[in-house]
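A structural walkthrough
Here are the chains, one letter per residue:
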Amino acid sequence: MEFDTIAAISTPMGEGAIAIVRLSGEQAFNIADKVFRPVKGSVNDFASHTIHYGHIADPETNQIIEEVMVSVMKGPKTFTREDVIEINCHGGLVSVNKVLQLLLKHGARLAEPGEFTKRAFLNGRIDLSQAEGVMDLIRAKTDRAMSVALNQMEGRLSKLIKKLRQEILETLAQVEVNIDYPEYDDVEEMTHRVLLDKSKQVRDEIKKLLVTSEQGKILREGLSTVIIGRPNVGKSSLLNSLVHENKAIVTDIPGTTRDVIEEYVNVRGVPLRLVDTAGIRETEDIVERIGVERSRKVLKEADLILLVLNSADELTHEDEQLFEAVEGMDVIVIVNKTDLPQKIDLPKVKQLAAQHKLVTTALIEEQGIDELEEAISSLFFEGSIEAGDMTYVSNSRHIALLNQAHESISDVIDSVEMGTPIDIAQIDLTRTWELLGEIIGDSVHESLIDQLFSQFCLGK
Ligand code: GDP
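Residues numbered from 1 in each chain as written. Predicted model: local features only at pLDDT ≥ 70, side-chain atom pairs only at ≥ 80, totals over all residues. Heavy atoms only, no water.

The line we're drawing: UniProt positions are given in the numbering used here, feature names are shortened, and annotations may be inferred rather than shown by experiment.
As recorded in an unreviewed UniProt entry, the chain goes by the name tRNA modification GTPase MnmE, listed as coming from Bacillus seohaeanensis. The annotation that UniProt attaches to the chain under Subcellular location (unreviewed entry) is "Cytoplasm".

This is the structure:
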């Protein structure tokens, strides 16, 4: 495919040691040639994948704008598969912008957000899930989220999906052959068996991916975490030490109508999204502030509950009610203030917390925080995630499509088992193939592609 030549500043806006202006397209070398003055030679003569020192100057006024290093990369071995020029400038918004303006004046068009990656996709260098990987990578909030995105970018998910689609195609072909050549008496039975076996295999694989999606989503969006406990037990102290120990990733206080305030912290690779921190800080009682109904809802939507008790106090009815409210959830019970004489009935607490993890802390002395962090990370990274070489599905579009694919492959299995005519099963199987295809962008609608790529930042 041939496109016009696009240009954009590919590094974040602001002061930096260097800033990169990127050009991609058929005219990239010619446009660069007009404005770049290397020590020797010209862009069109340079060997591919080399970098050159020189100046950017306005050819009309001869005014020198920037001292630069220019990378020359001939397609198709480039990010977009087109000819690419990258101009490393000194940074500083003004001069970088001037370089960009000059390129635009000499034939380049300002790239839309994500357009470089979109070209990589349209030119067949990466598939859609890889492109989304690039996007997730830019947004990744923790190391782990980053490696999920990296895996995706490297095409792990795509490989798996392609393998599944291939298996479906082969099955469809085999069914077709069986129908066309009914030479054997048992052909119908055979067809049914092939369909059933293969469909079950495919369904199991999709299911496996969906199981990982929950963890993938957590890695991407953070584990929604709520701290509960009676007033004065140490909830704010807990929040503060979590935030303090684990540099908050984002402090998210959008000036919108949202009345839940969140804070992100990264606990040993587990991104926690601490929900309703305002409730904790302001009135010291989430239940009191947001009302019983809403707090139930907050609890229900939480992935992790940190239930704080005061060791220097008797266990109260209210404490026990909290245990009831969080039954069946992932809970870590924190018995705080162990520096003070113990009044709490610890055996009773252990009994109430039988299904949960329990840690003791003296937050005021910074005691027990390590154990708490350990408990948090082991709760979510036990075994599976730590293994590291699984494929995680973390993108909500992919998850939705996998769910649909799971449904339609289940329909195939149902109809074969019920003895429905084979062509009905064929339709559902084809549908499964199409749905999986949408994940890697094989059957996606143009407008979806546009919408996806527009979510990228400029210059990517
Ligand atoms: P919240 O109402 O649950 O948010 O409780 P806070 O975090 O505001 O703590 C209430 C009081 O207990 C504050 O004065 C804290 O300094 C104190 N506190 C918190 N943790 C400990 C602890 O481990 N030991 C002791 N002795 N006091 C603590």
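Read on, since the account is not over.
Things to note about unusual backbone geometry
Using the following cut-off: Runs of H or I in DSSP of at least four residues are treated as helices and runs of E of at least two as strands, each being numbered from the N terminus.
A cis amide bond links G75 to the next residue, P76, at an omega of 5 degrees. For P76, the location among the structural elements is in the loop between β5 (64-73) and β6 (84-89). Here the phi dihedral of N232 falls at roughly 75 degrees; this positive angle occurs in a residue that is not glycine. Tracing the backbone through its elements, the reader meets N232 in the loop between β8 (223-229) and α8 (235-245).

Some details on the environment of D442
Quick note on the threshold: Only protein chains enter the area calculation, which uses a 1.4 Å probe; residues under 20% of their type maximum are buried, those over 50% are exposed, and those in between are partly exposed. In what follows, residue pairs with any heavy atoms lying within 4.5 Å of each other are defined as contacts.
Residue placement: D442 occurs in the loop between α15 (422-440) and α16 (446-453). Since its relative accessible area comes to 54%, D442 is described here as exposed. It is 8.2 Å that separates the C-alpha atoms of D442 and D127, two residues lying 315 residues apart in sequence. Once residues lying within four places of it in the same chain are set aside, the contact partners of D442 are R165 and G437.

Some points on the site of the ligand
Where we set the bar: A cutoff of 4 Å decides nearness: a residue is near a molecule or strand if any of its heavy atoms lies inside that distance of it. Any pair of nitrogen or oxygen atoms within 3.5 Å is treated as a polar contact; in protein, a donor-acceptor pairing is required on top of that, and neighbouring residues in sequence qualify only through side-chain atoms on both sides. Areas reported here follow the Shrake-Rupley algorithm with a probe of radius 1.4 Å; residue values treat only the protein chains shown as occluding.
Not every one of the 16 residues close to the ligand is listed here, only the nearest: N232, K235, S236, S237 and D339. At 3.0 Å, a side-chain N or O of K337 approaches an oxygen atom of the ligand. Between I364 and the ligand, the recorded distance is 3.2 Å, taken from a backbone N or O atom to an oxygen atom. In isolation the ligand offers 580 Å² of accessible surface; the protein chains occlude 79% of this area.

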